[in-house]
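# Structural characterization, general
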Amino acid sequence: MALLQISEPGMAPSPHQRRHAVGIDLGTTNSLVAAVRNGVAEVLPDEAGEALLPSAVRYSENQRTIIGRDALNARALDPANTVVSVKRLMGRGLTDVKRIYGESLPYRFIDAPGMVQLDTRQGAKSPVEVSAEILATLRQRAEDTLDDELVGAVITVPAYFDDAQRQATKDAAHLAGLNVLRLLNEPTAAALAYGLDHASEGVYAIYDLGGGTFDISILKLSRGVFEVLATGGDSALGGDDFDRALVDIAMAGLDRSVQSASEAAAMEGAARALKHALTELEAAGFDFEIAGEAHHVDITRSQFDEATAPLVARTLSAAQKALRDAHLDVGEINGVVMVGGATRIPAVRVAVGEFFKCEPLIDLDPDQVVALGAALQANLLAGNHSRDEDWLLLDVIPLSLGVETMGGLVERLIARNSTIPVARAQDFTTYKDGQGALAIHVVQGERELASDCRSLARFELRGIPPMVAGAARIRVTYQVDADGLLSVSAREMKSGVESSIVVKPSYGLSDDEVARMLKDSFASAEADMHARALREQQVEAERLLLATRAALAADGDLLSEPEKNAMACLVTTLEDAAKGDDAHAIKLAIDALGHGTDTFAARRMDRGVRRALAGKRLDEIA
C-alpha cells in the first residue's frame, strides 16, 4: 500500500526535495556564502577550495570586470579602477566619505545626488553596482555548488547600518539577481550560529569588529528565542583603520604628498599583511615605496597596540553604551562572542576580556560565523526545517526614527533598540488657519534637531479640509519591517484623506536607477556568459590535448606515419583555437580531435586487453 506524505504549509513535500536558500556575509574585506546541507550549515568554497572571496572589484580594459583575489592582486597596478572596502561607501554621500578617509581619498569620487559614485574606466559606478558584482559572484558560486537555482538569500548587514545603508544593500542584491528573504544584523547572525551550535542560553555580548564596521549587540538566548536587548557600534570603524594606523607609524617624518596612488595602494596591502603577521610575532618588517624610493621600517606589536589603543577604546565605549541601553551590568553577561577578522588582533582580545571580565569565546571561526548564522536563517525561511528546529529572532532597530516638527525639532516615533517588526503612530495637527497640506519629513538619528539627523524621505499630505489651526488631527504611522526598512503613512482623521510612502532614502537609489543598472547588467550578462563558455571550452581543450599527448607518447607506434601527421594537424588546430576567444571554434576543434582519435583509442584498448590476457588460460579468465 502506498503511503502519502502530508507536510505542513511551506514545508517540502518530500525529505529529498529542498528549496535552496543561502546566507551571504557581504563583508568589507572578504565575503562568504553559506548553505545548510545535510542538516549542517557550511560555507561554500570556490573551485579552488577558497571559502573567502576578497571584496574587491576591478574594472579592467575591454569592459571586463574582475572580482575577488585576482582583482585584489592587481590593485597596486591599477588602484583607480580597483575598488576595495566598498561596504564603507554604501548609502553615503561625499561628505560622509571625507569624514571617513579625510582629504586623502582612495578613488576618484563623483559627488552625485544622493550616494557618492566612483569614476572608473568603465564610467561612473555606484557602490551599489560594485557590491552587486560581489553578490552576483557569490550567487553563481552557490548555484554551481548546489546545482540548482536559489529561492532566496539572507544577507547580513552591520547592526548599526541606518535605513539608507540597508536599502542600498537590498538594491545591490536585487541587481545581483537575488531574492532577499531578509536582511539580518551581523551580530544576530553570529549569535544564531553560536547559540544553535552550542545550545547556549543566557545573556551574551556579540563583539563584531570587521574590516570596515564595528557592532556590539547584547542578546538574550532562551529556549530557541534570540532576543536582541540593545545594539550599538560605529559603521565607520574597522580593520581598515588598524591598517592605516600601521601606515601612519611607517610614514612618520616622510612626505606623503609625493607617494603615487599605486604606491599608496601597495602600502595598504602590505600594512594588512603586517597586521596579520603581528598577531603571531612580536615584531615584523614593513617594506614600501615613496616616489620610487624603497623604505624599510621594523614595527613592534607594542607600537601597533599603542597606535590602535584609541580605536579599541572606541569599541569599548560603544559596548558600555549598549550595556546601559540594555539595563545590564558587565557581571550579568554570560559570555562575549568574537566576530570579524579584526578580533584576531591580540590587543583587542585582551581588552575585550578585561572589559567583560571573562575569556572571549573564539572557538568558531570569526570570519565564517556570520555567514553560517545567515544560512540557518535562510534555511528556516525557505521552509526546510522540522518542528524541533523552530526558533524566533527578535531583532531591534539601531537608530531612532522620527519626524521633523516646527522649529526643526525631531519628534521620535520609534526609539532605538525597539524590537522589529514594529509600528508606532502619533497624532499631529496644523500650524496655520486653513492649512490644506502638511509636509512630512522623515529623519533617523538620536539628535534633537532634524538638521543633525539623517534625512530619509519627504512627502506631503494634501487635501486637508480648511480648519482653524490646531483643529485637524493627522495621524502619522511608522512601520518598520523585519529587514529594518521603513514605510510611513499620514491620515487626516476627520476627512479620511491619506498619503503614504515606502521610504526610499535620499542616499538610496531610485527605482529608475535600479532599473537602469538592471538593464546594464542584462547587457553585460551575455558577455559574461560568453566569457564563461570560452573558459569552459579552453579547460576542456587543455584536458584533451594533455590526454592525447600522453597517449601518443605511450602508444604512438600503433599509428602509421600518415595517421600521425593527420593527428598532429588536429592537435595544432585545437592548440591555435584554444588561444583565441571563439568558444564555438574551440568546441569544433575539440570534436574534430575527439573523432580523429577514435580509431587510435580502439587500438590502444585492444593492446591493453591483449596485455591483460597474455599468458593466462581460459579457465583463469572465466
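The sections below set out a description of the structure shown in this document. (Residues numbered from 1 in each chain as written. Predicted model: local features only at pLDDT ≥ 70, side-chain atom pairs only at ≥ 80, totals over all residues. Heavy atoms only, no water.)

### A closer look at the overall build of the chain
Looking only at helices and strands, the chain has 15 helices and 28 strands in total. Looking at the chain residue by residue over its 622 residues, the buried ones come to 49%. Taking contacts inside the chain between residues at least 6 apart in sequence as the whole, the part at least 24 apart equals 66%. (Helix = DSSP H or I, 4+ residues; strand = E, 2+ residues; numbered from the N terminus. Buried < 20%, exposed > 50% of the residue type's maximum accessible area, 1.4 Å probe, protein only. Contact = heavy atoms within 4.5 Å.)

### Remarks on the pairing of strand β28 (residues 498–502)
In the sheet, strand β27 (residues 486–492) pairs with β28 via five bridges, with the strands oriented antiparallel. Bridged to serine 489 within β28 is serine 500. Connecting the antiparallel pair β27 and β28 is a turn made up of five residues, with glycine 496 showing a positive phi of about 85 degrees. (Pairing = 2+ DSSP bridges.)

### Considering the packing of aromatic side chains
Applying the stated criterion across every chain, the model contains five aromatic pairs. Directly above the ring of phenylalanine 600 sits arginine 604, whose terminal nitrogen or CZ lies 6.0 Å from the centroid. (Phe/Tyr/Trp six-rings, centres within 6.5 Å; stacked < 30°, edge-to-face > 60°. Lys NZ or Arg CZ within 6 Å of the ring centre and 35° of its normal.)

### What to know about the nonpolar core
Within the largest apolar cluster, 47 residues are counted, with the highest numbers of intra-cluster contacts made by Val22, Ile24, Phe109, Leu135, Ile155 and Leu178. Looking at this core, the element that brings in the most residues is helix α3 (residues 127–146), giving eight residues. Once residues lying within four places of it in the same chain are set aside, the contact partners of leucine 135 are Ile24, Leu26, Ile155, Ala172, Ala173, Ala176 and Leu178. One finds Val247, Ala284, Ala351 and Val352 within the second-largest nonpolar core, a separate group that totals 45 residues. (Core = buried A, V, L, I, M, F, W, Y, C linked by side-chain atoms within 4.5 Å.)

### A closer look at the sheet that holds strand β10 (residues 123–125)
Strands in a sheet are paired, the pairing made by backbone hydrogen bonds, and the direction either parallel or antiparallel. Reading across from one edge, β8-β9-β10 is the order of the three strands in this open sheet, with antiparallel pairing throughout. Of all strands in the sheet, those with a lone pairing partner are β8 (109–110) and β10, marking the two edges. Sheet topology places β8 next to strand β9 (residues 117–120); two bridges connect them, and they run antiparallel. Paired with phenylalanine 109 across the bridge in β9 is leucine 118. Along the sheet, α3 contacts β9 and β10; its crossing angle with β10, the most-contacted strand, is approximately 80 degrees. (Axes fitted to C-alpha atoms, helices over the stretch in contact; angles between N-to-C directions.)

### Here's the deal with the sheet that holds strand β23 (residues 422–428)
The four strands are arranged β23-β26-β27-β28 in an open sheet whose pairing can be described as antiparallel. Each edge of the sheet is formed by a strand with only one pairing partner; in this case those strands are β23 and β28. Strand-to-strand twist in this sheet, taken as the mean axis angle between neighbours without regard to direction, amounts to 15 degrees. Two elements, β23 and strand β26 (residues 474–480), share seven bridges in a ladder whose sense is antiparallel. Following the sheet pairing, phenylalanine 428 is matched in β26 by isoleucine 474.

### Section: the environment of phenylalanine 428
Along the chain, the position of phenylalanine 428 falls in strand β23. Overall, phenylalanine 428 belongs to the buried group, its relative accessible area being 18%. Separated by 62 residues in sequence, phenylalanine 428 and alanine 490 have C-alpha atoms that sit 9.6 Å apart. Filtering out sequence-adjacent residues up to four positions away, phenylalanine 428 remains in contact with Val403, Thr405, Glu411, Leu413, Ala472, Arg473, Ile474 and Val476.

### Digging into the environment of asparagine 73
Within the element layout of this structure, asparagine 73 appears in helix α1 (residues 69–73). Looking at asparagine 73, the relative accessible area reads 56%, which means it is exposed. Each C-alpha atom, one on asparagine 73 and one on alanine 56, is 9.3 Å from the other, the two residues being 17 residues apart in sequence.

### Observations regarding a nonpolar patch on the surface
A contiguous nonpolar patch, built from Met605, Val609 and Leu613 and spanning about 290 Å² of accessible area, is present on the exposed surface. With respect to the element layout, leucine 613 can be found in helix α14 (residues 598–613). Its relative accessible area of 39% is what places leucine 613 among the partly exposed residues. (Patch = residues over 30% accessible without salt bridge, like charges linked within 9 Å, V, L, I, M, F, W, Y side chains within 5 Å. Areas by Shrake-Rupley, 256 points an atom, 1.4 Å probe, with all protein chains shown as cover. Salt bridge = Lys/Arg side-chain N within 4 Å of Asp/Glu carboxyl O.)

### Some remarks on the pattern of salt bridges
Considering all chains together, one arrives at 32 salt bridges under this definition. In this structure, lysine 275 engages aspartate 243 in a salt bridge whose closest nitrogen and oxygen atoms are separated by 3.0 Å. Of this pair, lysine 275 sits in helix α7 (residues 261–277) while aspartate 243 sits in helix α6 (residues 239–250), placing them 32 residues apart in sequence. Lysine 275 sits in the buried class, given a relative accessible area of 8%. According to the relative accessible area criterion, aspartate 243 is buried, its value standing at 5%. Across the pair glutamate 575 and arginine 549 runs a salt bridge, and its minimum N-O distance is 2.4 Å. Taken together, the positions of glutamate 575 in helix α12 (residues 561–579) and arginine 549 in helix α11 (residues 511–555) put the pair 26 residues apart, joining distant regions of the chain.

### Describing α7
Spacing of three or four residues puts side chains on the same side of an α-helix, whose turn is 3.6 residues. Taking 1.5 Å of rise per residue, the 17 residues of α7 would be expected to cover 24 Å, and the 24 Å separating its terminal C-alpha atoms lies within 8% of that figure. Within α7 the residues assigned to the buried category are Glu263, Ala265, Met267, Ala271, Arg272, Leu274 and Lys275. The inward-facing, buried residues of α7 contact α6, β16 (283–290), β17 (293–300) and α8 (301–325). (Expected span 1.5 Å × (residues − 1).)

### Some thoughts on unusual backbone geometry
Proline 421 follows isoleucine 420 through a cis peptide bond whose omega is 0 degrees. Locating proline 421 in the fold gives a position in the loop between β22 (419–420) and β23. The phi torsion at alanine 291 lies on the positive side, around 55 degrees, for a residue other than glycine. Here alanine 291 shows up in the loop between β16 and β17. On the accessibility criterion, alanine 291 (54% relative accessible area) is exposed.

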